[in-house]
Amino acid sequence: MSSTNDARTAVGEPTRTLRGRNRAAKVSAFFALGGVAFLANFATGIAWINPGIFVGLAMLCALIAIPAGRVGRFRGRRLDGEGRGLALAGILTGWLVLVVCVLALLAFVGLVAGLAALTEHA
């Protein structure tokens, strides 16, 4: 074994490296992109069948991505910066998805309130 290799290997055992230790950053990015994918289904038209489910799932993904990204940022500080950028991207994308979901929810509530006001005076 060489002294530059940090992983110990045995006969027949695969080499384990220290790369990819910041799993929280990867989880954050995964759920943030999942939220974007749920919102992107509105462009394809499939989400218009039941938009509440897609907005709700996008909101859930964002609510998972934000704390996972925070954990990934703290863990990245201990791991010499490994995954900190990915975690930050997950946090920012999660907040963006959350803002879009809240705006969609407010637009829906405003639409229902406006229709209720119109039908009341008719």
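As the structure is a computational prediction, the values presented were derived from the model and not from experiment. Every chain begins its residue count from 1, and numbering advances along the sequence as written. Where totals are concerned, whole chains, interfaces and linings use all residues; where local detail is concerned, this predicted model gives features only for residues with pLDDT of at least 70, and gives and counts side-chain atom pairs only at 80 or more. Each side-chain value is worked out from all heavy atoms of the structure, with water and hydrogens disregarded.

Here we take up the overall build of the protein chain. Put simply, DSSP marks the helices as runs of H or I at least four residues long and the strands as runs of E at least two long, and each gets a number from the N terminus on. Looking only at helices and strands, one finds three helices and zero strands in the protein chain. Reading the protein chain from its N end, one meets helices and strands in the order α-α-α. Contacts between residues were defined by any pair of non-hydrogen atoms, one from each residue, lying within 4.5 Å. For the protein chain, long-range pairs separated by at least 24 residues make up 64% of all intrachain contacts whose partners lie at least 6 apart in sequence. Carbon and sulfur atoms make up 68% of the accessible area of the protein chain, which amounts to about 8,500 Å² in all. In these tables, accessible area is a Shrake-Rupley quantity obtained with a 1.4 Å probe, and a residue counts as shielded only by the protein chains included in the view.

Here we come to the packing of helix 1 (residues 23–44) against helix 3 (residues 84–121). Interaxial angles span 0 to 180 degrees and are taken between N-to-C directions of axes, which are lines fitted to C-alpha atoms, for helices over the stretch in contact. Where helix 1 meets helix 3, the axes come as close as 8 Å, and the angle between the chain directions of the two elements is 30 degrees. Regarding the angle of helix 1 to helix 3, the classification is roughly parallel. Along this stretch, helix 1 crosses helix 3, giving a crossing that reads as left-handed. When helix 1 is examined against helix 3, the residues Ala-25, Lys-26, Ser-28, Ala-29, Ala-32, Gly-35, Val-36 and Leu-39 are found in contact with a partner set consisting of Leu-86, Ala-87, Gly-90, Ile-91, Thr-93, Gly-94, Val-97, Val-100 and Cys-101. Angle categories are assigned with fixed cut-offs, so that under 35 degrees is roughly parallel, over 145 is roughly antiparallel, 65 to 115 is roughly perpendicular, and the rest are oblique. Take the far helix as the reference: if the near one is turned anticlockwise from it by less than a right angle, the crossing is left-handed, and if turned clockwise, right-handed.

This brings us to a nonpolar patch on the surface. Patches were defined on residues exceeding 30% relative accessible area and lacking a salt bridge, with like-charge contacts within 9 Å and nonpolar side-chain contacts (Val, Leu, Ile, Met, Phe, Trp, Tyr) within 5 Å. Any Lys or Arg side-chain nitrogen located within 4 Å of an Asp or Glu carboxyl oxygen qualifies as a salt bridge. A cluster of nonpolar residues, Val-27, Ile-53, Leu-57, Leu-60 and Ile-64, forms a patch on the protein surface that exposes about 370 Å² of accessible area. No other element matches helix 2 (residues 51–78), which puts four residues into the nonpolar patch.

Just distances and angles here, no functional claims.
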